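# Residue-level structure breakdown
Okay, here's what each chain looks like letter by letter:
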Amino acid sequence: MILLKNEDEVNGIRKSCHLLADMFNYIIPLVHAGMTTKELDKLAVDFIHAHGGKPAWYKEDFPGALCISINDEVIHGIPSKKRVIQDGDIVSIDAGIDLNGYISDSCHSVLVGNVKPEVRKLDEVTLECLRAGIEACKVGNRISDISRAVYDIATKHGYGVVYDYCGHGVGLDVHEDPSIPNCPSSGSNPRIQPGMVLAIEPMINLGVPDVYTAPDGWTVITEDHKPSAHEEHTVAVFCDHTEILTDLNYKK
């Protein structure tokens, strides 16, 4: 069931999203070669707690505030004292905050140091896919219009679009209906309505679209071990526009 949010709920979700944007603006400049993913996770935990929130992933028993996925890891990378970020890595940081019961969700891929040109282009195209998906997310369109916008751009560049995982509704829980695939699907295809709050999140691979789950039960990895990029925003749909709630440059 799709939960359409009222004005008070959207306002609460917006505050959570703005706090998440503030967190990203704080931690992204601190990402550097030589730090562990656990150190990065602690920065996020301390920031979230200091501002009255809780890491949203704790609701799903994930062992960290951040999903930190590096290079061929697509999503759900577990923070670790043993995992050291290296020069040339693409580091996808996925996070959510529970602020007074309202949930935000966003992801940014961070390029560390001397990243290969093909990886830099991959992330640029993934950002283009995200922008196109958000542009297609408007009243009167269907979820498939978001999927098609993402898929067409990624495949035009010869990239693999992850089909095993997708975007989703968000706001009152971490994962809500509807599912938002990044590629054409024969599944449910509801019309986009005012009151929807959605997490749109292209996961685009440099190589094949196929992925598998590591023995830790969480980390999702590209089948051919080529790099992946992941970009995500939470958006709210209104009658006449769609607002990017997790915009890093939101007006305070």
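Residues numbered from 1 in each chain as written. Predicted model: local features only at pLDDT ≥ 70, side-chain atom pairs only at ≥ 80, totals over all residues. Heavy atoms only, no water.

The next subject is the pairing of strand β16 (residues 233–237). Burial within β16 is extensive, with five of its five residues counted as buried. For strand β11 (residues 197–200) and β16, the ladder comprises four bridges, and the chain directions are antiparallel. Looking at β16, one finds that Leu198 is bridged to Val235. Examined bridge by bridge, β16 and strand β17 (residues 242–244) share three bridges and lie antiparallel to one another. (Buried < 20%, exposed > 50% of the residue type's maximum accessible area, 1.4 Å probe, protein only. Helix = DSSP H or I, 4+ residues; strand = E, 2+ residues; numbered from the N terminus. Pairing = 2+ DSSP bridges.)

Quick look at the sheet that holds strand β1 (residues 54–55) now. Remark on secondary structure: sheet strands pair via backbone hydrogen bonds, oriented parallel or antiparallel. Overall, antiparallel pairing links the three strands, which are arranged β1-β5-β6 in an open sheet. Every other strand in the sheet has two partners, leaving β1 and β6 (102–103) as the edge strands with one partner each. Note: β1 against strand β5 (residues 97–99), two bridges, orientation antiparallel. Residue pairing in the sheet places Pro55 in a bridge with Ile97 of β5.

As a further point, take the nonpolar core. Counting 29 residues, the largest nonpolar core has Cys129, Cys137, Ile146, Ile192, Leu198, Ile200 and Ile204 as its most contacted members. When contributions to this core are tallied by element, the ones reaching two or more residues are α3 (117–136), α4 (143–156), β11 and β16. Looking at this core element by element, the count peaks at eight residues for α3. Of all hydrophobic cores here, the second largest spans 22 residues; its members include Leu20, Ile48, Ile70 and Ile93. (Core = buried A, V, L, I, M, F, W, Y, C linked by side-chain atoms within 4.5 Å.)

The next subject is the pattern of salt bridges. Two side chains of opposite charge can pair, provided their charged atoms sit close to one another. Under the definition given, this model contains six salt bridges. With a shortest N-O distance of 2.5 Å, Glu176 and Lys5 are connected by a salt bridge. One end of the pair, Glu176, is in strand β10 (residues 176–180); the other, Lys5, is in the segment before α1 (7–27), and 171 residues separate them in sequence. Lys5 shares its class with Glu176; the two are buried. Salt-bridge contacts for Lys42 lead to Asp46; the nearest nitrogen and oxygen are separated by 2.7 Å. Of the two residues, Lys42 and Asp46 both sit in helix α2 (residues 37–50), four residues apart, roughly one turn of that helix. Judged by its relative accessible area of 39%, Asp46 falls in the partly exposed class. (Salt bridge = Lys/Arg side-chain N within 4 Å of Asp/Glu carboxyl O.)

Sheet architecture is open: three strands sit in the order β3-β14-β13, paired in antiparallel fashion. Two strands lie at the open edges of the sheet, namely β3 (73–75) and β13 (211–213), each paired on one side alone. For this sheet the average axis-to-axis angle between neighbouring strands, irrespective of direction, equals 40 degrees. Here two bridges tie β3 to strand β14 (residues 220–222), and the two strands are oriented antiparallel to one another. (Axes fitted to C-alpha atoms, helices over the stretch in contact; angles between N-to-C directions.)

This part takes up the side chain of Asp72. With respect to the secondary-structure elements, Asp72 resides in the loop between β2 (66–70) and β3. We note that Asp72 is buried and unpaired, the nearest opposite charge coming from Arg83 at a distance of 5.5 Å. Setting aside chain neighbours within four positions, we find Asp72 in contact with Val220, Ile221, Thr222, His225, Lys226 and Pro227. (Lys, Arg positive; Asp, Glu negative; His and termini not counted. Contact = heavy atoms within 4.5 Å.)

With that settled, the discussion passes to α1. Between its first and last C-alpha, α1 extends 30 Å over 21 residues, near the 30 Å set by a 1.5 Å rise per residue. Backbone nitrogen of Asp8 and a side-chain oxygen of the N-cap are separated by 3.2 Å at the start of α1; the cap is Asn6. (Expected span 1.5 Å × (residues − 1). Polar contact = N/O pair within 3.5 Å; in protein donor to acceptor, adjacent residues only side chain to side chain.)

The end-to-end C-alpha separation of α2 is 20 Å, in line with the 20 Å expected for 14 residues at 1.5 Å each. Three or more residues of α2 are buried, namely Thr37, Leu40, Asp41, Ala44, Val45, Phe47 and Ile48. Down the axis of α2, the buried side of the element spans an arc of 165 degrees, and every buried residue falls inside it. On its buried face, α2 is in contact with α1, β1, β2, β4 (90–95) and β5. Positive phi appears at Gly52, one or two residues downstream of α2, with a value of about 85 degrees. (Arc of directions from axis to C-beta.)

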